Amino acid sequence: MKIGVVGCAGRMGQMLVREIAATPGCTVAGGTERPGGPAVGRDIGEVAGLEALGVAVVDDPAVLFAEADAVIDFTSPEAAERHAALAAQGETAYILGTTGLTAEHQAAVAAAATHTPIVQAPNMSVGVNLLFVLVEQVARTLGDDFDIDILEMHHRRKVDAPSGTALGLGRAAAAGREVALENVWQKVRDGITGARPRGEIGFATLRGGDVIGDHTVVFAGDGERIELTHKASGRQIYAKGAVRAALWAADKQPGLYSMRDVLGL
């Protein structure tokens, strides 16, 4: 399977290139960077710290989507909208791990999914996606007798908060309670907030250092507390999950899928 990477010179992009090259049955179709970027024109293998692969980095995503069977994207919400349209045009499988999408961006992704298979997840890690399932099950079992708070920490360079994974955990908890997260979330607490409303799902965000991603979901009841935690010690878990999603999508019909579909959860 020929798999391409947009944003291939970044830390995550390089990790993806190395993972694709190391995965049996996969070849690196190519990669893109912004026009004028130092990696444009260079061999993508050398950019990723490998031996030369005979494929040059380009600055036009349309070229990559025309060449690849699947393209993996961890770039930006604005770029995701354009890339989804290119995937639909070429019927190229599209693996989207970018977070922070607006309703407009998401609508564009959904429209593209009517023409090609798209796997979208706020986190491509196998462990995190198992955590989504566990959080939904625990929330369903405990009901609103237990308060739910989601604590997340990432490196100082992360630009969105709460993280897409934290929001995904919140949606899993809300699904377990059969409510819409937007109706019960509390993203910020400051000042005299008063007593906590029953059924509220809270978020706490920490930023600092080089933390790749820590997430804890706290279920706090009277006399007892349950905490479910996932800690990422390396970005390779996201690359492995994304390549696994690309291989899974190879023979799928157009549609918007999640990592739950990929993992059979």
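My aim in this report is to walk through the structure given alongside it, one point at a time. Given the structure is predicted, the values throughout are model-derived calculations rather than measurements.

The rules behind these values
Residues numbered from 1 in each chain as written. Predicted model: local features only at pLDDT ≥ 70, side-chain atom pairs only at ≥ 80, totals over all residues. Heavy atoms only, no water. Axes fitted to C-alpha atoms, helices over the stretch in contact; angles between N-to-C directions. Helix = DSSP H or I, 4+ residues; strand = E, 2+ residues; numbered from the N terminus. Left-handed = near helix turned anticlockwise from the far one by under 90°. Contact = heavy atoms within 4.5 Å. Nonpolar A, V, L, I, M, F, W, Y, C, P; charged D, E, K, R; others polar. Expected span 1.5 Å × (residues − 1). Buried < 20%, exposed > 50% of the residue type's maximum accessible area, 1.4 Å probe, protein only. Polar contact = N/O pair within 3.5 Å; in protein donor to acceptor, adjacent residues only side chain to side chain. Pairing = 2+ DSSP bridges. Right-handed = clockwise from strand over helix to strand, strands pointing away. Phe/Tyr/Trp six-rings, centres within 6.5 Å; stacked < 30°, edge-to-face > 60°. Lys NZ or Arg CZ within 6 Å of the ring centre and 35° of its normal.

This brings us to the packing of helix 6 (residues 126-142) against helix 7 (residues 164-177). One way to put it is that helix 6 packs onto helix 7 with a least axis distance of 7 Å and a crossing angle of 35 degrees. Crossing geometry of helix 6 relative to helix 7 is assigned as right-handed. Contacts from Val128, Leu131, Phe132, Val135, Glu136, Ala139 and Arg140 of helix 6 reach helix 7 at Thr165, Gly168, Leu169, Ala172, Ala173, Ala175, Gly176 and Arg177. Taken together, the residues that form the contact of helix 6 with helix 7 break down as nine nonpolar, three polar and three charged.

If you check helix 6, its first and last C-alpha atoms are 25 Å apart, about what 17 residues at 1.5 Å a residue would give, namely 24 Å. Among the residues of helix 6, those classed as buried are Val128, Asn129, Leu131, Phe132, Val133, Val135, Glu136, Val138, Ala139 and Leu142. Looking at the packing, one finds that the buried side of helix 6 touches strand 6 (147-154), helix 7, strand 9 (213-221), strand 10 (224-232) and helix 10 (259-263). The residue sitting at the N-terminus of helix 6 and contributing the capping side-chain oxygen is serine 125; that oxygen lies 3.1 Å from the backbone nitrogen of glycine 127. Immediately beyond the C-terminal end of helix 6, within one or two residues, lies glycine 143, with a positive phi of roughly 65 degrees.

The strand order across the open sheet formed by six strands is 2-1-3-4-5-11, and the pairing between neighbours is parallel. Of all the strands in the sheet, the pair left with one neighbour each is strand 2 (27-32) and strand 11 (255-257). Here the average twist between neighbouring strands, direction ignored, is 20 degrees. As paired elements, strand 1 (residues 2-6) and strand 2 share five bridges and run parallel to each other. Bridging across to strand 2, valine 6 finds its partner in threonine 32. Against the sheet, helix 1 (residues 11-22) engages strand 1, strand 2 and strand 3 (70-73), with an angle of about 170 degrees to strand 1.

A separate point is the pairing of strand 4 (residues 93-96). By the alternation rule, side chains of strand 4 split into Ala93 and Ile95 and Tyr94 and Leu96, which are all buried. In the sheet, strand 3 pairs with strand 4 via four bridges, with the strands oriented parallel. From the neighbouring strand, alanine 70 faces strand 4, where its bridge partner is alanine 93. Crossover strand 3 to strand 4 through helix 4 (residues 77-90) is right-handed.

So, about the sheet that holds strand 10. Spatially, five strands are ordered 7-8-6-9-10 in an open sheet, and the strand pairing comes out mixed. A single partner strand is all that each edge strand has here, and the edge strands are strand 7 (185-186) and strand 10. Both strand 6 and strand 8 (residues 201-207) contribute to a ladder of seven bridges, which runs parallel. Looking at the pairing, glutamate 152 lines up with threonine 205 of strand 8. Across the face of the sheet, helix 7 comes into contact with strand 6, strand 7, strand 8 and strand 9 while running at roughly 165 degrees to strand 8.

With respect to the secondary-structure elements, histidine 83 resides in helix 4. What histidine 83 contacts, discounting residues up to four positions off in sequence, is Val6, Pro61, Phe65, Asp73, Thr75 and Tyr94.

The next point concerns the packing of aromatic side chains. Throughout the structure, instances matching the rule amount to two aromatic pairs. Between tryptophan 248 and tyrosine 257, the aromatic rings sit 5.1 Å apart at their centres with planes inclined by 80 degrees, giving edge-to-face as the arrangement. Across this residue pair, the class does not change: tryptophan 248 and tyrosine 257 are buried. Over the aromatic face of tryptophan 185 sits the side chain of lysine 187, whose NZ or CZ is 3.8 Å from the ring centroid.

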